[in-house]
Amino acid sequence: MAELHQTPTSLCCCRKSLPASGARCVGDLGRPSASPGPGSPRCPLVDVASASNFRFFQLRHFHLDLRLNFAVKEMSGWLVLDLIPVQPGVHTLVLDSHPSLLIHSIDCKVPGSGQEEPVSLTYRVDLFTDYGSSLNISLPTAAVKPGRLIQITVRYTTTDGPAIWWLDSELTCGQSRPLVFTQGHSVCNRSFFPCFDTPAVKSTYTATIRVPDGVTVLMSASRSSYSKQDRVFQFSMEFPVPSYLVALVAGDLQHVDVGPRSRVWAEPCLLSCAVKKLGGSVERWLGVAEELFGPYLWGRCDIVFLPPSFPIVAMENPCLTFIIASILESSEFLLIDVIHEIAHGWFGNAVTNATWEEMWLSEGLATYAQRRITTEAYGEAFTCLETAVRLDALHRQLRLLGDNNPVSKLQVKFEPGVNPSCLMNLFTYEKGFCFVAYLSKVCGDVRRFDCFLRDYISEFKFKSVVAQDLIDYFLNYFPDLRDAAVAQREGLEFERWLRDVDLLYRVRFDLSAWSTFQIVLFLDRMLDLAALPHDVMAGLSSSYASLFDGLNAEVQIRWLQLVVRNSFYPELPRVRAFLHKHTSRMYTVPLYDDLVAGVMKCVAVEIFNQTQRRLHPNLRRTLQQILFQTSAGQANQNGPPLSIVPPSPSTSPQPQPAAMTTTSTAGTTAAIALRDVNVSA
């Protein structure tokens, strides 16, 4: 999730046909039969973030039929679930839901049973956590038999839930028409529709969306059609996906094709800029990715640019990547972010982590794949520089949190009630990347490892896996390594593959000749220092402030954080101008955090009062929490998840507990990255 996102013959002959449904138990995963251990089932899988009893049913398919009402900011309609019970004696269906969903009625049909009319069902809603509830549905005893299909229809209306973001026209880029989008990662889509809200369950889906005249609807679907007369959009996702990857956006959107399987969508005022920035690059990146990891499985690879209120940088929704329009200011960050989301087409979307405790299986592998793509497309120097920036940030976060902080482990264990979004941090991306890079190093040849990843995707595509599935497959794919007990080998040092970036540390004075990543790394190092004397800040300001004005927001926010942290008042007009211009969470929250932490809280309050009407309500609540110290539950009840993109090295997507703060984040060696890593199931 952002960072970012796409055939030669495989070496492995292990192939399996797709199951009848994408919804399955992780313990059923097949593996190469090289050792007696792999292949033994590990069910039942437990997902403490889901209230549902997903293990008792196979979800074959679901259909959404919704009407969008912009005037009252509601979606109303129904959901139809095609379910097959897999165990006898199960007479209750438990779905993940949310207090913001108003359930009107639930009924059941059994196709082929001779029952023509649906049977009305009783249900109750129980509190589960502060991010969801459980919808308990009593099933008819006579109808529920293992292996027999049942259809459950839930009629409901959405209200103000964390997955659905209604933007008034003034919050959009064009400021002419309202817009709505959904953001499901990681456990928000239970406020969009009742579901098995766990990455362990995948299924196909269809949707019928009814809208007012002049509204265009897009979804993360492989096929779509539109009836202008009825103002109805139809969507079909023919490949199994988990609930969090079901996404919708509706508003004043137009498109331009930028490749044979790619188009760019945006509000009219943004479209030409977005097309110019991407050009034909998407198809080029897809082609490189296919050479490395095998065919792109999703058909379409479209991109929609969303207003600054989009709570993260980018989201890898299949067939339709969501990305924040603010990223258009930086060509290099745009490139990295889009390629990362393309990489998720293989790692995260096709093969998914079965629980949120192992998000690194998606993000770490996608980050590795992203860097393989950029290495092939732009060379090692480009990739090493970007990697140096991220690992440098990881280093700082490690120093901030300490080596033994639980969140620094790849396999994070969290208690029931903990929101998985709180565990999104640089470790998920960069420590995961280091471990995958370690596996690549162990196998001895990067091309050989490319072949392994290609066959790993072919083996597990459209399935959900745990870390042990990856490790078992790796050791059985390379029996020589298994026989050499490589799994017990001491962690290797990986920063030597970055030695060629020592140019970053040479003294340079003409920053105008530097790339974005070089300037970012320079400013990150400055942010690491203790308070700078006033004369040093004055010198930096006179030399570079005007230059930074012409650069992108990733550079500007770092300079302004330096200004605020050192209480350099001559630069305050630039802080004000930046916060008046940028209303994205990833740029506003870090600066407000720094303003409040220092001696400039009155400035922060003044700017907030001047700009709050242009802020999305969720962001407004977050900033009120920062400024006025309201409780987290009170101020951020419906706040979005942490950045799906690795947070920018000096930014934090939302306020977090002190131990989780990423405003000054961190990089490290792979040896540290592997410390205390538990990759068992």
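Note that the coordinates shown come from a computational prediction; the quantities given were computed from them, not determined experimentally.

Novice: Break down the environment of proline 146 for me, with residues and values.
Specialist: Summarising the element assignment, proline 146 is placed in the loop between β7 (132–138) and β8 (150–158). In this structure proline 146 comes out as partly exposed when scored by relative accessible area, which is 47%. Taking the C-alpha atoms as reference points, proline 146 and proline 88, separated by 58 residues in sequence, lie 5.7 Å from one another. Here proline 146 is in contact with Pro85, Val86, Gln87 and Pro88, once residues within four sequence places are set aside.

Novice: Tell me what's going on with the sheet that holds strand β6 (residues 123–129), and back it up with residues and numbers.
Specialist: With antiparallel pairing, the three strands of this open sheet are ordered in space as β3-β7-β6. The open sheet terminates on both sides in strands that have one partner only, identified here as β3 (92–97) and β6. Neighbour-to-neighbour, the strand axes of this sheet turn through a mean angle of 25°, independent of strand direction. In the sheet, β6 pairs with β7 via six bridges, with the strands oriented antiparallel.

Novice: Quick one: what's the story with the environment of valine 338, residue by residue and with numbers?
Specialist: Looking at where valine 338 falls in the secondary structure, it is placed in helix α3 (residues 331–343). Along the backbone, valine 338 and glutamate 316 are 22 residues apart, and their C-alpha atoms lie at a distance of 9.0 Å.

Novice: I'd like to hear about the UniProt feature "active site" (unreviewed entry) in the chain, residue by residue, with values.
Specialist: As recorded in UniProt, the feature "active site" (unreviewed entry) lies at Glu341 and Tyr429. Despite a sequence span of 89 residues, these residues sit close together in the fold, their greatest C-alpha distance being 12.9 Å. When you line up the elements, glutamate 341 lands in helix α3. Residue placement: tyrosine 429 occurs in helix α6 (residues 426–443).

Novice: Any chance you could break down the UniProt feature "binding site: Zn(2+)" (unreviewed entry) in the chain for me, citing the residues and the numbers?
Specialist: Residues annotated in UniProt with the feature "binding site: Zn(2+)" (unreviewed entry) correspond here to His340, His344 and Glu363. The largest pairwise C-alpha distance within this set of annotated residues, which runs over 24 residues, is 9.0 Å, so the set is compact in three dimensions. Within the element layout of this structure, histidine 340 appears in helix α3. When its relative accessible area of 1% is taken as the criterion, glutamate 363 is described as buried. Side chain to side chain, glutamate 363 and histidine 340 meet in a polar contact 3.1 Å long.

Novice: So, helix α10 (residues 516–528): which residues are in play, and what are the values?
Specialist: Across its 13 residues, α10 extends 18 Å between first and last C-alpha, which sits within 8% of the 18 Å expected from 1.5 Å per residue. In terms of burial, α10 is largely enclosed, as 10 of its 13 residues are buried. Among the residues making up α10, those that are buried are Thr516, Phe517, Gln518, Ile519, Val520, Leu521, Leu523, Asp524, Met526 and Leu527. Where α10 is buried, its residues touch α3, α5 (380–401), α11 (534–549) and α12 (553–565).

Novice: I'd love a proper account of the pairing of strand β13 (residues 223–227), names of residues and values included.
Specialist: The pairing of β13 with strand β14 (residues 232–241) spans five bridges and is classified as antiparallel. Pairing of serine 224 across the sheet is with phenylalanine 235, part of β14. As consecutive antiparallel partners, β13 and β14 are separated by four residues, and within that stretch arginine 231 has a phi angle of approximately 55°, a positive value.

Novice: Talk me through the nonpolar core; I want residue IDs and the actual numbers.
Specialist: A general feature of soluble globular proteins is that nonpolar side chains tend to end up buried together. Grouped together as the largest cluster of nonpolar side chains are 220 residues, with contacts concentrated most on Ile152, Phe305 and Tyr456. Excluding anything up to four places from it in sequence, isoleucine 152 contacts Leu79, Val80, Leu81, Leu83, Leu93, Ile106, Asp107, Cys108, Leu121, Ile137 and Leu139.

Novice: Kindly report on the packing of aromatic side chains, identifying the contributing residues and their values.
Specialist: This model, assessed by the stated rule, comprises 43 aromatic pairs. Aromatic side chains tyrosine 244 and tryptophan 356 sit 4.9 Å apart centroid to centroid with 65° between the ring planes, which places their arrangement in the edge-to-face category. With a gap of 112 residues between them, tyrosine 244 in the loop between β14 and β15 (248–251) and tryptophan 356 in the loop between β21 (351–353) and α4 (360–378) connect regions that are remote in the sequence. When its relative accessible area of 2% is taken as the criterion, tyrosine 244 is described as buried. Relative to phenylalanine 478, the ring of phenylalanine 474 has its centre 5.1 Å away and its plane inclined at 65°; by these criteria the two rings are edge-to-face. A relative accessible area of 2% places phenylalanine 474 in the buried class. Here phenylalanine 478 falls in the buried class, since its relative accessible area comes to 2%.

Quick notes on the rules
Residues numbered from 1 in each chain as written. Predicted model: local features only at pLDDT ≥ 70, side-chain atom pairs only at ≥ 80, totals over all residues. Heavy atoms only, no water. Helix = DSSP H or I, 4+ residues; strand = E, 2+ residues; numbered from the N terminus. Buried < 20%, exposed > 50% of the residue type's maximum accessible area, 1.4 Å probe, protein only. Contact = heavy atoms within 4.5 Å. Pairing = 2+ DSSP bridges. Axes fitted to C-alpha atoms, helices over the stretch in contact; angles between N-to-C directions. UniProt positions renumbered as here; feature names shortened; annotations may be inferred. Polar contact = N/O pair within 3.5 Å; in protein donor to acceptor, adjacent residues only side chain to side chain. Expected span 1.5 Å × (residues − 1). Core = buried A, V, L, I, M, F, W, Y, C linked by side-chain atoms within 4.5 Å. Phe/Tyr/Trp six-rings, centres within 6.5 Å; stacked < 30°, edge-to-face > 60°.

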